[in-house]
Amino acid sequence: MKRIFNKLNGDIIIINNKGDILFCNEVFLKKLGYKQDDIIKNNINNILYNREDIDYIKKENNIDLLFYKKTKEIVRFNCDIIIDFFEEKESIFILCKEVSKSYTIEDLENLLDNIPIGLWIKDIDGKYLYSNSYLAGLANKEKEKMVGNYDIDNFKDEYAYLYKEVDEEIINTKKPRLLEEIIRVNGMDREFETYKAPILGKNEDVVYTVGATRDISLRKKIEEQVFNNHNQISTLHNILNRSNRDIKGLLENVCDELLKSLSSDGISIWLYDKDKKELKLYIRRGYFASSLHEGIIKLDTDKMRWELLNEISDGLKGISEVSYMDIYEEMKSDGVKYLGIYKIKLRDDNIGILTIPYNDDNQPPEYDQSNFIKAICSQMAILIKNLKLTDEIKIENNKRSNTERELALFLETAVDLVGVIGEDGYFKKANSKWSEVLGWTEEELMNINLKNLLHPEDRKKVLQVKDFKEGSKFRKNVKYRYLNKSGKYTWLYIGSKYVEEKKHFLVTGRDITKEMYAEEQTKKLEKVIEIESLKNEFFSNISHEFKTPLNIILGSMQLLNQSIDKNSITTEKLINHINTIKQNSYRLLRLVNNLIDISKIETGYYELQLSNNNIVSIIEDITLSVVNYVECKNINLIFDTDTECEILACDPDKIERVMLNLLSNAIKYTGEYGEIIVSLKSDNKKVIVSVKDNGTGIPKDKIGIIFDRFGQVNDALIKRREGSGIGLSLVKSLVEMHGGSIRVESEVNIGSEFIFEIPISLIEDEEVTILDKNLRGSQIEKCNIEFSDIYNI
Ligand code: ADP
């Protein structure tokens, strides 16, 4: 049957007793511009201009019905009503014929009465020939009572006079006028935009005046609010200081005004959350689908996203048109019949949507407000975008101030010293720990250059910018001494980092004074232990050195005693014993002398008896005095000098001690038929004396210790010689007391060369001491003592 109906040329629509559409043939669908899905199962009243009572329709045989086309255009049909069975149920068959004349005068009047614009026609005297309901409403009168009256009868005097004035003007000028006026309606001042025009007759005379007036309060209000808001948020300062609530408040006001003006059942602003793919309720007024209590429309499906964010053409939709929305069913059962959906978009940026629901009780306005709402939406888009930006700026700002606060807190609470030092060496920031540790106030610290804060010896440790640029950016663990306010230095363990963008150094430090003190104490303790063990070594050494000659002396004495007792001693034996006793007494004397000297030097009681002397003759004389000793070993002793006379301030006794020590060692460690060369050179500033032998030499690793006390080289290969091992340490001290220095060059089995230098200086106003040659005796005595451990004298 459906197929037959579809083939018919006539328009057929079949409904059940409730008005639900069961069938609509294709011809009729095409005429109205719907698809089957759009209307099937929907109530016929959804596509009828006037709500009709279905029972009433059922009773009529023929009836005129006004249908909405999909385009919202209204078309009048003359319909035959037949009650018959459709799909085995009693149904109402509506057979429609389009009425060629769309509107009657009543229709027009009806239409004019339903738009929120005041309309009228007056004759040239100002008598009303026509007024629509809206205008009558403004005058608080019945429509019919307006007609035949004048403004003075219909409106308050002050308005009436004004209207009359304008009417006269347009009649005289024969030109229309557009004006804005404020009218008090129901105790509220509202703004109206009024258009008045003269209608000319055949003779170009004005025969009527017509007019239209519409309430523009809302537009004005919104324009004003948006404008004010724009001004207020246009400066960054305002953006940061203006609370978002203000902007939200403004948008809420706009929504309130819209709700009132559109007489809708609700209005909501939804903001799009790109990440979560959802629309989140931002502002809500009036009706709201209860399933949306969380205020979220999930845009899970591409269709939803597409429909709501891209596809929808802004405007009023029949509820069936938004069946893709998840809240469709609920809105439908809540009685929502139309839903206005408008995108809030700034260029391509989806900001959100504005929804305006209408339910049964409130007819949606038939005239098109879309453009106006769209304009509001674009203003809203700007506001909300600003709001979002403000939020972002605020969040950023907060983050920054939070970090700054945290940093400040960190600086304050850090156990370590934390500071920022500029490239100029001045502190830019320093936590309170610096003051605590160094005693300087923050202000004082900021005014002292790092150079002056550091111990002079530590200054060179400070890295320059280029070091950081070239090397690693972070330098850790360097110990510096920082000047304390008390004048002392505090040890700080400093780590530093150069921040190139900021051109400053970030410095962290730790007070290690206590640790350094502990370290120092440990070192001192170690030193004491070392000295203690050296002393022990020394005493065991010394006791051996003492014991040997003493034993020999005692032994010789014993032998002598025995021989005397037996009366069997020969003169030769007697001399031998006496010599042995003498030699060993010298050895003891030498040892005691050396020990006394060393301890004197150490305690600071050793003083030089300085006088101006010819050093050349001192060296030469002492060298020659040992000739006897070298001859026994067939050693060739050579003295060589490039100057005969070099006068300098020295203690001749001590120079002799130095020379005798070096010579006795040279003889001791040089084999028979060896060679010892004593040479002297002078360069006007200093005298350089060298004692060179071709003896055993000194192993390399021992060279470093021979000038230390007890630095005797003990090597299995080198036969332990007699000696205390304190000779060279005494030599070194004596040379140094003269302001000079000593060094050795030696190679095992090749020989050794001891070189000492004495600076040439003179004691003013003092004559040169000429050494008495008669003192030779005492010199021999000295030799005997010094050489006592080598030879039998
Ligand atoms: P000692 O009284 O034991 O000779 P010294 O202080 O005079 O003590 O010498 C220290 C050590 O230096 C000696 O034990 C020896 O090993 C080494 N030494 C000194 N002079 C020479 C030298 N001319 N040739 C080789 N070794 C030497």
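The preceding data block contains the structure.
Described below are features of the structure shown in this document.

Compared with the 24 Å implied by 1.5 Å per residue over 17 residues, the 24 Å span of helix α9 (residues 157–173) between its first and last C-alpha is a close match. If you check which residues of α9 are buried, you get Tyr159, Ala160, Tyr163, Val166, Asp167 and Ile170. For α9, the buried positions fall inside an angular range of 135° around the axis, keeping them on one side. The exposed set on the far side of α9, more than 90 degrees from its buried face, consists of Glu158, Tyr161, Glu165 and Asn172. In the segment just after α9, Lys174 is the residue with positive phi, at about 55°.

On to the sheet that holds strand β13 (residues 296–298), then. As summarised here, the arrangement of the six strands in space is β13-β12-β11-β16-β15-β14, forming an open sheet in which the pairing is antiparallel. Two strands bound the open sheet, and with one partner strand each, they are β13 and β14 (315–318). The average angle at which neighbouring strand axes cross in this sheet is 25°, direction not considered.

The five strands are arranged β2-β1-β5-β4-β3 in an open sheet whose pairing can be described as antiparallel. Edge positions in the open sheet fall to β2 (21–24) and β3 (62–68), since each of these has one partner strand only. Each neighbouring strand pair of the sheet contributes to a mean axis angle of 35°, computed without reference to strand direction. When strand β1 (residues 11–15) meets strand β5 (residues 89–98), the two strands line up antiparallel, connected through five bridges. When the sheet's bridge partners are listed, Ile13 is paired in β5 with Ile94.

With the rule as written, the count across this model stands at 12 aromatic pairs. For the pair Phe67 and Phe77, a centre-to-centre distance of 5.5 Å together with 85° between the ring planes defines the contact as edge-to-face. With a gap of 10 residues between them, Phe67 in strand β3 and Phe77 in strand β4 (residues 74–86) connect regions that are remote in the sequence. Taking the relative accessible area as the measure of exposure, Phe67 reaches 0% and is therefore buried.

A few words now on the packing of helix α21 (residues 571–603) against helix α26 (residues 727–737). For the pair α21 and α26, interaxial distance at closest approach is 10 Å and the crossing angle is 45°. The angle between α21 and α26 places the two elements in the oblique class. Crossing handedness for the pair α21 and α26: left-handed. Every residue of α26 that contacts α21 at Asn594, Asp597, Ile598 and Ile601 is listed here: Ser729, Leu730, Ser733, Leu734 and Met737. Of the residues in the contact of α21 with α26, the class split is five nonpolar, three polar and one charged.

Moving on to the pattern of salt bridges. Where charged atoms of side chains with opposite charge meet at close range, the side chains can pair. Tallying each qualifying case throughout the model produces 28 salt bridges. Notably, a salt bridge pairs Asp215 with Arg190, separated by 2.2 Å at the nearest N-O pair. Taken together, the residues span a long stretch of sequence, with Asp215 in strand β10 (residues 206–215) and Arg190 in strand β9 (residues 188–200) at a distance of 25 residues. Taking relative accessible area as the criterion, Asp215 reaches 23% and is therefore assigned partly exposed. On the accessibility criterion, Arg190 (25% relative accessible area) is partly exposed.

We now examine empty space enclosed by the protein. Overall, the coordinates contain seven cavities of 30 Å³ or more when judged by the stated rule. Size it by volume and the second largest cavity reaches roughly 270 Å³. Around the second largest cavity sit 16 residues that line it, and Tyr34, Asn46, Ile47, Gly318 and Ser320 are the ones nearest its centre. Residue assignment for the lining of the second largest cavity shows that the elements contributing at least two residues are α3 (36–39) and β15 (336–346). When its residues are assigned to classes, the lining of the second largest cavity shows six nonpolar, four polar and six charged.

Turning our eyes to something else, we now look at the nonpolar core. With 58 residues, the main nonpolar core has Ile44, Phe67, Ile94, Leu258, Ile269, Leu354 and Met380 as its most contacted residues. By size, the runner-up hydrophobic cluster in this structure holds 43 residues, among which are Ile667, Leu680, Ile706 and Phe754.

Positive phi values are uncommon outside glycine, yet Asn140 reaches one of about 65°. Counting through the fold element by element, Asn140 comes out in the loop between α6 (133–139) and α7 (143–146). One non-glycine residue, Asn634, lies in positive phi territory at about 50°. Tracing the chain through its elements places Asn634 in the loop between α23 (627–632) and β23 (636–641). Judged by its relative accessible area of 37%, Asn634 is partly exposed.

A cluster of nonpolar side chains, namely Leu129, Ile199, Val207 and Tyr208, defines an oily patch on the protein surface of about 300 Å² accessible area. Looking at the element boundaries, Ile199 is found in strand β9. Here Ile199 falls in the partly exposed class, since its relative accessible area comes to 33%.

So, how was this worked out
- Residues numbered from 1 in each chain as written.
- Predicted model: local features only at pLDDT ≥ 70, side-chain atom pairs only at ≥ 80, totals over all residues.
- Heavy atoms only, no water.
- Helix = DSSP H or I, 4+ residues; strand = E, 2+ residues; numbered from the N terminus.
- Expected span 1.5 Å × (residues − 1).
- Buried < 20%, exposed > 50% of the residue type's maximum accessible area, 1.4 Å probe, protein only.
- Arc of directions from axis to C-beta.
- Pairing = 2+ DSSP bridges.
- Axes fitted to C-alpha atoms, helices over the stretch in contact; angles between N-to-C directions.
- Phe/Tyr/Trp six-rings, centres within 6.5 Å; stacked < 30°, edge-to-face > 60°.
- Parallel < 35°, antiparallel > 145°, perpendicular 65-115°, else oblique.
- Left-handed = near helix turned anticlockwise from the far one by under 90°.
- Contact = heavy atoms within 4.5 Å.
- Nonpolar A, V, L, I, M, F, W, Y, C, P; charged D, E, K, R; others polar.
- Salt bridge = Lys/Arg side-chain N within 4 Å of Asp/Glu carboxyl O.
- 1 Å grid on protein atoms, 1.4 Å probe; cavity = no way out; pocket = protein on both sides within 12 Å on 5 of 7 lines; lining within 4 Å.
- Points joined across faces, edges and corners; volume = space filled by probe spheres on them.
- Core = buried A, V, L, I, M, F, W, Y, C linked by side-chain atoms within 4.5 Å.
- Patch = residues over 30% accessible without salt bridge, like charges linked within 9 Å, V, L, I, M, F, W, Y side chains within 5 Å.
- Areas by Shrake-Rupley, 256 points an atom, 1.4 Å probe, with all protein chains shown as cover.

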